[in-house]
Protein chains: 2
Amino acid sequence: MSAGPAIILVRPQLSENIGTTARAMLNCGLSDLRLVGPREEWLSDRAIAAASGADRVLMAARCFDDTASAVADLNRVWATTGRDRYMVKPVDTPREAAAAMRTVIAEGGTCGVLFGPERTGLENDDVTIADTVMTVPLNPDYCSLNLAQAVLLISYEWYQCAAPATLPAMTKGADDCGPVAKEKLLTFFAHLERELDECGFLRVADKRPGMIRNIRNIFQRAHLTGQEIQTLHGVVHELATYRRKKGEAQG
Amino acid sequence: MSAGPAIILVRPQLSENIGTTARAMLNCGLSDLRLVGPREEWLSDRAIAAASGADRVLMAARCFDDTASAVADLNRVWATTGRDRYMVKPVDTPREAAAAMRTVIAEGGTCGVLFGPERTGLENDDVTIADTVMTVPLNPDYCSLNLAQAVLLISYEWYQCAAPATLPAMTKGADDCGPVAKEKLLTFFAHLERELDECGFLRVADKRPGMIRNIRNIFQRAHLTGQEIQTLHGVVHELATYRRKKGEAQG
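- Labelled according to an unreviewed UniProt entry, chain A appears under the name rRNA methylase, originating from Magnetospirillum molischianum DSM 120.
- Listed under Sequence similarities (unreviewed entry) in UniProt, the entry text for chain A is "Belongs to the class IV-like SAM-binding methyltransferase superfamily. RNA methyltransferase TrmH family."

Examining the interface of chain B and chain A
Stage number 1. At the interface, 73 residues of chain B touch 72 residues of chain A.
Stage number 2. In total, about 6500 Å² of surface goes out of reach between chain B and chain A, with carbon and sulfur atoms giving 59% of it.
Stage number 3. Joining chain B to chain A, the criterion identifies five salt bridges.
Stage number 4. Between Glu157(B) and Arg95(A) there is a salt bridge; the shortest N-O distance is 2.9 Å.
Stage number 5. By residue number, the principal contributor to the side of chain B that touches chain A is helix H10 (residues 226-250) of chain B, which donates 15 residues.
Stage number 6. In terms of residue class, the side of chain B that touches chain A is made up of 37 nonpolar, 18 polar and 18 charged.

So, the environment of Cys143(B)
Stage number 1. The residue Cys143(B) is located in the loop between strand E7 (132-134) and helix H7 (147-160) in this model.
Stage number 2. When its relative accessible area of 48% is taken as the criterion, Cys143(B) is described as partly exposed.
Stage number 3. Put simply, Cys143(B) and Gly82(B) are 61 residues apart on the chain and 8.2 Å apart in space, counted from C-alpha to C-alpha.
Stage number 4. Not counting residues up to four positions away in its chain, the partners in contact with Cys143(B) are Asn27(A) and Leu138(B).

Reading the values: the criteria
Here the residue numbers are simple positions, counted from 1 along each chain's written sequence. Each chain takes a letter, starting from A, and each ligand takes a number, starting from 1, following the order in which they are written. With the structure being a predicted model, the display of local features is reserved for residues of pLDDT at least 70 and the display and counting of side-chain atom pairs for 80 or more, all residues being used for whole-chain, interface and lining totals. Here the side-chain values reflect all heavy atoms present in the structure, with hydrogen atoms and water set aside. UniProt positions are given in the numbering used here, feature names are shortened, and annotations may be inferred rather than shown by experiment. Every residue pair with non-hydrogen atoms within 4.5 Å of one another is taken to be in contact. Buried area counts how much accessible surface, traced with a 1.4 Å probe, disappears from two parts once they are put together, with both parts' losses summed. Put simply, a salt bridge is a Lys or Arg side-chain nitrogen that is within 4 Å of an Asp or Glu carboxyl oxygen. Counting from the N terminus, the helices are the DSSP runs of H or I reaching at least four residues and the strands are the DSSP runs of E reaching at least two. For this classification, Asp, Glu, Lys and Arg are treated as charged, while Ala, Val, Leu, Ile, Met, Phe, Trp, Tyr, Cys and Pro are nonpolar and the rest, including Gly, are polar. Classification of residues uses two cut-offs on accessible area relative to the type maximum, computed with a 1.4 Å probe and protein chains only: under 20% is buried, over 50% is exposed, and between them is partly exposed.

As structure tokens, this is what we get:
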């Protein structure tokens, strides 16, 4: 597990929320969970069930008597708050904080984020221990994250700030998914346009060039694979052939 | 409430998760909640308690019989998936999708995000209805978001992405180039598939569902305009009709 910020829950009330916090953390590659004076036993069955497979984070959690001890080894600490504390302190969004954490860690330092009790949030004395306040920008008319959701958003920003662009631009089918050489596409266009000429769809000479361009653009935008071009050849061929046969049979 | 994407829960299993989804949405200023075939009553006491004050979103939720009806009025749809579906479809991170949604909405369009049932995720047929797949980049060794957490992360990115991207996603043709409502695309699919059934292209029952998905994905990727859909109706109709006439004439 790569080094990331410690997640520090100050006086959490419900063990279930400690479990869901562990789950949120591990989703984003974090594993350093610290608890200050938890009210309930955090290895309860409910906490382990709530961790949903992330119990290795729960098992490794460390417990401290007070906030100062919990942050003693850290170089830089953020305090999450949802409301103004009337203190003169810098404020970061989670995205700004994530970038700053990356810098601290890249320079060999350590950092952590403080979260207060579910009902009341951090006390001012805990906020004072932090370098910086962190507030999640949310709907000012309804701002009600639970503890694990707040941990998730902040952990998520940390992970995104690190994650190289891991997603490919497109999901792949099972086979034959490389970008196709244009030659195959042009062969399909020729087939389609031959059939459209024959059936009379392109019969108005003035409009023919524009219509062909429009149809070609539709299929260009789809970034077709070789297999898909084969499918489209089949569609055009069968629509035509069957009609011909049917016509003959009727005639 | 400003216009934002619709959040569409497909066959959600637990009413409590519908409540926590409403809460996650309202935190990020979203209010258009749509349910496709929910297993439980979504105005249950448990759902309302889980919504934690966001019950106005829950009360205004609309219920649909199938996914196609739920997206019929939308111009652009994302399908959330955690695993590869072996379809050829573009993939966005939530951040990329948020920027694209802002552009769609700034141009007067509407959009939505599909979420599958808790246990199984979206079925392939539901993914096929979407333009684009959305996957949250997370720890590859432990990736276990619950439904409301996935909704939260995606809604959060939408909220953070305050400004629309300045460049439109695509150069425009002369007329009727807004993104088209899904209903028109689904009507075209029905027309095309009816003709393909009749001509025998889809005669192998085992292969039919996969072939239909592949063909739908081709046209989803093209982001068709209303005019282009009309053109494609014409292509399919004339390929079919003329053959019939020609056959008759020959016969």
